[in-house]
Amino acid sequence: MTNSWAVWLRDWDTQPFQLATKTGWDAFVNAPARPRPPDLSLAELRAMNDDERADCDEARHVWNANPPTIRTPQMEHAFELMDQVLASARRDGDRLRGAVVIDAQPGQGKTTIATGYAKRLHRQQYRRYGPRTTDGHQRLPVAYVPLTADVTLKGLNRQILRFYGHPTAQAASTTDLTRAVVDCATSCETKLIIIDEVHFVNLRVRNGLDVSNHFKGLANQIPATFVFVGVGLTEKRFLDEGLVGEERAMAQTSRRTTRCTVPAFSITSDAGMRAWTLMLDRLEAHLHLAAHQPGNLATHARLLHERTQGRIASLTTLIDRACYRTIRDGSEALDADILQQVSVDHAAEQARRSA
Ligand SMILES: Nc1ncnc2c1ncn2[C@@H]1O[C@H](COP(=O)(O)OP(=O)(O)O)[C@@H](O)[C@H]1O
Ligand SMILES: [Mg+2]
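Model, not experiment: these values are computed from the prediction.

As for its placement among the helices and strands, tyrosine 324 is situated in helix 14 (residues 312–329). The partly exposed category is assigned to tyrosine 324, whose relative accessible area is 40%. With 266 residues separating them in the primary sequence, tyrosine 324 and glutamate 58 have C-alpha atoms 9.4 Å apart.

Rendered as structure tokens:
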């Protein structure tokens, strides 16, 4: 017999979004929020038969593994910067838009910030202008383009065209491809182009100037704001003036680039500690466990910070794994033991050992 948990799972099981194509992006932007499954007491859990209990636990694993995006101070700051850059993109006839570089270590929430901002922009543009452009094309306010290892200039163009679902001939020249990119972005009235994982552009092999110039060329021809997201871009002097020495044109690009870093949470100041515990409270409010006491995670704020170095990805992984364990062993609460014992990602573990 099917139970309500199995029904919930049919509708709301894990959904892999493919953000790198317009269809996947659209699914991401318009995905309805999962409804929270009904809360349960330990007694209710114990009264279930085996099948129902298995379905219930599975549903709660899915639920707990998908916390909402939390508006962290880092995210607020990044949104504000992007708002400012986009505000100046509104100048009539100003072809050279500013660009944003989001630069931080892995797992600091860069992609979540960029896609979260873009999602908001997409929805706002649809609400305001509708799904079709003046010329009758599909409106695509945002293009999301994650790069892969050692991408070339041609590959970059192809990746952008892939987002738009534009077929590309194997023999197409860089000029042809660039023209097609400009056509797609212009006719779909794209306002924001996110190039993610920019560190995959090998600035050492591929002449950094080539790449920067290509981006500048695109930015000149497309009336959209570019957001470049990656790791260690400042050290790599990505889009930097210094990279090109005398090149005045590049210096201009650089001046129009706004850098945004996404630091880990730090608990050395009172304000930092408050932001961290607020984050824990919000994550905790989402959790679906039968015996967990609200406010409990915050009492382990220091332990959690030590285990994750304040890195948001490590924190969500740790909490997710801890929830999984406590559901499996039936204790249904997160205590210091569990938070201490579950494994976190490799980087966090290493950092902790060397601390
Ligand atoms: N604002 C947020 N609220 C909740 N969870 C977040 C947030 N930002 C990041 N995360 C968690 O951290 C993980 C990694 O974030 P991501 O944006 O992919 O980091 P990066 O791009 O810097 O490597 C996400 O899958 C999510 O679980
Ligand atoms: Mg990322």
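Moving on from the coordinates now.
Put simply, helix 1 (residues 4–12) and helix 4 (residues 50–64) touch, their axes get as near as 8 Å, and they point 35 degrees apart. Every pair of crossing elements has a handedness; the one defined by helix 1 and helix 4 is left-handed. Contacts between helix 1 and helix 4 pair Trp5, Ala6, Trp8, Leu9 and Trp12 from the former with Glu52, Asp55, Cys56, Glu58, Ala59, Arg60, Val62 and Trp63 from the latter. Across the contact of helix 1 with helix 4, the residue classes break down as nine nonpolar, no polar and four charged.

On to the packing of aromatic side chains, then. Scanning all chains against the criterion turns up eight aromatic pairs. Measuring from ring centre to ring centre gives 5.2 Å for tryptophan 25 and phenylalanine 28, while their planes differ by 50 degrees; the resulting arrangement is tilted. A residue pair is termed a helical-turn pair when its members lie 3 or 4 positions apart in one helix, as tryptophan 25 and phenylalanine 28 do in helix 2 (residues 22–30) at three residues. By relative accessible area, which is 16% here, phenylalanine 28 ends up buried. For the ring pair phenylalanine 79 and tyrosine 117, a centre distance of 5.1 Å and an interplane angle of 85 degrees mean the geometry is edge-to-face. You can see phenylalanine 79 sitting in helix 5 (residues 73–88) and its partner tyrosine 117 sitting in helix 6 (residues 110–129), a full 38 residues away along the chain.

If you check the shell around ligand 1, you find 14 residues, and the closest are Ile70, Gly107, Lys110, Thr111 and Thr112. Between glycine 107 and ligand 1, the recorded distance is 2.8 Å, taken from a backbone N or O atom to an oxygen atom. Threonine 112 places a polar side-chain atom, nitrogen or oxygen, 2.5 Å from an oxygen atom of ligand 1. For ligand 1, the accessible surface in isolation is 560 Å², of which the surrounding protein chains cover 74%. If you list the elements that add at least two residues to the shell around ligand 1, you get helix 6 and helix 14. Grouping the amino acids of the shell around ligand 1 by side-chain chemistry returns five nonpolar, eight polar and one charged. There are two domains that each give the shell around ligand 1 at least three residues, and those are domain 1 (39–70 + 267–354) and domain 2 (73–261).

Hydrogen bonds between backbone atoms are what pair the strands of a sheet, whose relative direction is either parallel or antiparallel. Taken in spatial order, the five strands make up an open sheet running 2-3-4-1-5, and their pairing is parallel. Only two strands of the sheet have a single neighbouring strand rather than two, namely strand 2 (142–146) and strand 5 (257–261). Taken over all neighbouring pairs, the strand axes of this sheet differ in orientation by 15 degrees on average, direction set aside. Pairing geometry for strand 2 and strand 3 (residues 192–196), over five bridges, is parallel. The partner of valine 145 across the bridge, within strand 3, is isoleucine 195. Across the face of the sheet, helix 7 (residues 153–164) comes into contact with strand 2 and strand 3 while running at roughly 135 degrees to strand 2.

So, on to the packing of helix 11 (residues 270–286) against helix 14. Close contact between helix 11 and helix 14 brings their axes to 12 Å; oriented N to C, the two are set at 40 degrees. Helix-helix and strand crossings are classified by hand; for helix 11 and helix 14 the assignment is right-handed. For the pair formed by helix 11 and helix 14, the contact residues are Trp276, Met279, Leu280 and Leu283 on the first element and Ile312, Leu315, Thr316 and Ile319 on the second. Its residues placed into classes, the contact of helix 11 with helix 14 shows seven nonpolar, one polar and no charged.

Even without being glycine, glutamate 189 reaches a positive phi, approximately 55 degrees. Relative to the helices and strands, glutamate 189 is located in the loop between helix 8 (174–187) and strand 3. Of the residues examined, glutamate 189 reaches a relative accessible area of 25% and is grouped as partly exposed. The phi angle at glutamate 197 is positive, at roughly 55 degrees, despite the residue not being glycine. Note on placement: glutamate 197 falls in the loop between strand 3 and helix 9 (208–221). For glutamate 197, a relative accessible area of 27% corresponds to the partly exposed category.

Reading the values: rules and limits
- Residues numbered from 1 in each chain as written.
- Chains lettered and ligands numbered in written order.
- Predicted model: local features only at pLDDT ≥ 70, side-chain atom pairs only at ≥ 80, totals over all residues.
- Heavy atoms only, no water.
- Helix = DSSP H or I, 4+ residues; strand = E, 2+ residues; numbered from the N terminus.
- Buried < 20%, exposed > 50% of the residue type's maximum accessible area, 1.4 Å probe, protein only.
- Axes fitted to C-alpha atoms, helices over the stretch in contact; angles between N-to-C directions.
- Left-handed = near helix turned anticlockwise from the far one by under 90°.
- Contact = heavy atoms within 4.5 Å.
- Nonpolar A, V, L, I, M, F, W, Y, C, P; charged D, E, K, R; others polar.
- Phe/Tyr/Trp six-rings, centres within 6.5 Å; stacked < 30°, edge-to-face > 60°.
- Near = heavy atom within 4 Å.
- Polar contact = N/O pair within 3.5 Å; in protein donor to acceptor, adjacent residues only side chain to side chain.
- Areas by Shrake-Rupley, 256 points an atom, 1.4 Å probe, with all protein chains shown as cover.
- Domains from an automatic or database assignment.
- Pairing = 2+ DSSP bridges.

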